[in-house]
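# Close look at the chain arrangement
Next come the chains, spelled out residue by residue.
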Amino acid sequence: MTVFELQPDDPWFGGRLLRASVSRPIYAKGIRFALQKTVGLVGTRHPSPYGAKVAYDLARYYASLGYVVVSGLAFGIDEKAHEGALSVGGLTIGVLGHGLGAHYPRATLELRKLIESQGLVVTWYAHQVPPRKAFFRERNMLIAALSDFLIVVEAPEKSGALVTADFALSLGKDVKAVPADIDRLSARGSNRLIVEGAEPIIDIPDVGAENWKQCRTVEELVAEVGDFVEAGRIIAELQSTGKVQLNGNMIEWLTT
Amino acid sequence: MEIVKVWSGLTYGDAFMPVEMQLTYGPGLPVFHMVGMVTESTEEAKERVRYALKSIGRSMPQGRVVVAFLPSELTKSGSHFDLAIVYGFVKGSSDRLIVGEVALDGSVRTTQHSLRVIASAYRSGWRKFICPVLPQDVVGVMPEADFFMVEHVQQLLSDSGEKPSPTSSSDVPALDAFEDVQGFGLKQAALTAAAGWHHLLLMGNPGVGKTMVAERMNAVMPELDNSERLDVLCTTGTLSAVRPYRFTSWTSTPAGFFGSAKGVAGEVTLAHDGILVMDEFPQYRKDILEGLRTVMDTNSVISSYGNQRIVWPARFLLVATSNPCPCGFLGHPKKVCKDSPYQVQRYLGRLSGPVADRIDLHYWVKADEPDAKLDKPRDRVLEVWHRQRERWQGTGFSHAGQIPGDRVDELISVSPTVRAALENAVEKHGLSKREKHKIIRISRTIADLEGHVDITVAHLVQALSYRMVLPWLRSLIQ
């Protein structure tokens, strides 16, 4: 967990910041993992249960495909996106609207510490700079710059997530949106994005589920999903939903 | 003036306290005094003794009669001192421990408390007793004891007379068949819990048979061995061939649950060496759930009341059952949970408190789980018990589930590949140390059940699947 300073032309960014014509240095804390493909997940701080679940599942999906999930470490959708990525042992970047020495909102401090140990937290601002309203707009710009494409999960009209989407569009990046109920105020912005041409996300593919079905023993499952914690989680879920039965180390699939 | 000395005793929790009784009489107005903090039940011995003596043609000594109970500062209660007083009057001093209640017709009887006194005295080294006629199984748990059993006080007088033989043992109660439980995975989980003495939490929607499993767990538990039976006799005063089994309700009060310092054992003690079922676990009062923590760590209960302090044994296998949420339908294949996420969080929060942290195995019980017969479940459990007892001989632990976290690494050896997988999990998934220890403990029992010498990664996965039920439920909250 080291703090380090990166210039926009640092090869680590893969030219993302240069293309966004950024000239300021970036302060970062965490692990300097390889930044290959990235996805930005943003949305409201007050999501519906539906939005929160979709954010979590989408982050899981992309993280398990090897994407780095970029979000803003705010309450709500951002938080769920980071959690989802971490839940599959994926990589995630939290972008702050203040210096590394401060934190806002307090509710995500625990999550931030987790990200610092397993991912990366980045910001424009020097160590002790406190959060200010205008900074969060600039923070959104950084999210858009770091993401290869952006997904707006749930956002009302006049949302910071829409600002991020505007930045992404102006940088020539794809923006996708998650459709939601038409009478839900907290989703009017994201629904409107679809009308304006954003690609709607209508499905979250179940990564690897098909592959697991080939597994006949616990050892095979471990080999398939990579480690035993994930395998145990999968077994607990499949067993609890009545899809498999474990007999010693044999996995018996039950037809439903 | 002659002073007659006889011995009887008291129990403190399950500890024994010998009581020396000195009897004397002399000139004075005719009174019968008992001194030494005697309570009503003991004091009433006066009348029972008087008429019991009359039944064999004797009478109380004339004049001023005094019986002193020593040490005199302890409260004496119970009717089991009667026989000692009678013996003192008709035979004089004795160094045997005399326990038993007498009736007006001179017959000598057993009380629950007198059995506890005999058993705890035996455990603290007493070997010679004069007592009522005991059942065969009670005599059996104290093989070194020399019992002089009397049915009637008359028999105290005739040493040469025919000795009564022990009565037949009480019938073995029939256990509900474990095979009635539906669901192969469920039976596996119950078997693992019984085999490694892992506390078990059964979760599920209402009506899927959580309680029913809890009730049938006793059928796979091996029988009590002799020293355990002696322990049970010391604490409860009753003896059964099957393990103690206590089904408790969330309406229990702390005194009823943990026992009182006045000498009444609580549920946790009555379940000693057996199964304690806590139905609807999250509904229990907070003070019970908090208090249970120390009980489970020390395997004993301390109850203090005034200047009395009683330590009860309480080493039980906890089987808790719980709904997943207040309405009960979270995780149901068809029905929808009507609770708010906050309500569910709060409910599940009670399942991750300090006590729930000490429960190793979690299992989600389903209504239509496919079933298959388990082969000789009880024998397999017994086999694991033997194996684990042998492995940890001399360490003070006999089951994997009883090993505390700080000794897991020392007592359960793990192969380098498994160790590497565990370390990787700790690093990658932020697995806590406590969680890691639980997984190792459960894996050890699973490996033993399958007859493996070494823990494999497959065992870790199975153990982990028993730890991932709550995270799965949390992921369903919307």
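This is a predicted model, so every value here is computed, not measured.

Here is what the cut-offs are and how they apply
Residues numbered from 1 in each chain as written. Chains lettered and ligands numbered in written order. Predicted model: local features only at pLDDT ≥ 70, side-chain atom pairs only at ≥ 80, totals over all residues. Heavy atoms only, no water. Helix = DSSP H or I, 4+ residues; strand = E, 2+ residues; numbered from the N terminus. Rg over C-alpha atoms; globule rule 2.2 N^0.38 Å. Areas by Shrake-Rupley, 256 points an atom, 1.4 Å probe, with all protein chains shown as cover. Lys, Arg positive; Asp, Glu negative; His and termini not counted. Charge placed at Lys NZ, Arg CZ, Asp CG, Glu CD. Expected span 1.5 Å × (residues − 1). Buried < 20%, exposed > 50% of the residue type's maximum accessible area, 1.4 Å probe, protein only. Arc of directions from axis to C-beta. Contact = heavy atoms within 4.5 Å. Pairing = 2+ DSSP bridges. Axes fitted to C-alpha atoms, helices over the stretch in contact; angles between N-to-C directions. Buried area = accessible area lost by both parts, 1.4 Å probe. Salt bridge = Lys/Arg side-chain N within 4 Å of Asp/Glu carboxyl O. Nonpolar A, V, L, I, M, F, W, Y, C, P; charged D, E, K, R; others polar.

What follows concerns the overall build of chain A. On a plain count of helices and strands, chain A comes out with 10 helices and 11 strands. Against the compact-globule benchmark of 18 Å for 256 residues, chain A has a radius of gyration of 19 Å, which places it among compact chains. Here chain A displays about 11600 Å² of accessible surface, and carbon together with sulfur accounts for 53% of that area. Considering chain A, the positive charge centre built from 27 side chains and the negative charge centre built from 29 side chains are found 7 Å apart.

Looking now at helix 16 (residues 416–429) of chain B. Residue and element names in this part refer to chain B. The end-to-end C-alpha separation of helix 16 is 19 Å, in line with the 20 Å expected for 14 residues at 1.5 Å each. Taken residue by residue, helix 16 has Val418, Ala421, Leu422 and Ala425 as its buried positions. Taken down its axis, helix 16 places every buried residue within 95° of arc, on the same side. Exposed side chains of helix 16 directed beyond 90 degrees from the buried face belong to Pro416, Thr417 and Glu427. Following helix 16 by one or two positions, Gly430 has its phi on the positive side, about 60°.

To continue, consider the environment of Gln136 of chain B. Residue and element names in this part refer to chain B. Its place among the elements puts Gln136 in helix 5 (residues 136–141). Gln136 sits in the partly exposed class, given a relative accessible area of 40%. Once the C-alpha coordinates of Gln136 and Pro166 are considered, the two residues, 30 residues apart in sequence, prove to be 5.1 Å apart. Setting aside residues up to four positions removed in sequence, Gln136 forms contacts with Pro166, Thr167, Ser168 and Ser169.

Next up on the list: the sheet that holds strand 5 (residues 92–95) of chain A. Residue and element names in this part refer to chain A. Here 9 strands make up an open sheet; going across it, the order is 1-2-6-5-4-3-7-8-9 and the pairing mixed. In the strand order of this sheet, the two ends are held by strand 1 (2–6) and strand 9 (199–200), each with one partner. Where strand 4 (residues 68–71) and strand 5 come together, 3 bridges link them in parallel fashion. Considered in strand 5, the bridge of Val70 is made with Ile93. The strands that helix 4 (residues 109–118) touches are strand 2 (26–30), strand 5 and strand 6 (120–123); relative to strand 6, the one it contacts most, it runs at about 110°. Here helix 6 (residues 160–170) sits on the sheet in contact with strand 3 (38–42), strand 7 (149–152) and strand 8 (174–177), set at roughly 155° to strand 7.

To continue, consider the interface of chain A and chain B. Contact residues are listed per partner, giving 26 residues for chain A and 23 residues for chain B. For the pair chain A and chain B, the summed buried area comes to about 2400 Å², and 70% of that belongs to carbon and sulfur atoms. When the area that chain A buries against chain B is broken down by residue, the three leading residues are Phe228, Val229 and Ser240 of chain A, summing to 28%. At the surface where chain A touches chain B, the tally comes to 0 salt bridges. Elements supplying a minimum of two residues to the side of chain A that touches chain B: helix 2 (49–64), helix 9 (218–225), helix 10 (228–240) and strand 10 (244–247) of chain A. If one sorts the elements of the side of chain A that touches chain B by residue count, helix 10 of chain A sits on top with 10 residues. For the side of chain A that touches chain B, the residue count by class is 10 nonpolar, 11 polar and 5 charged.

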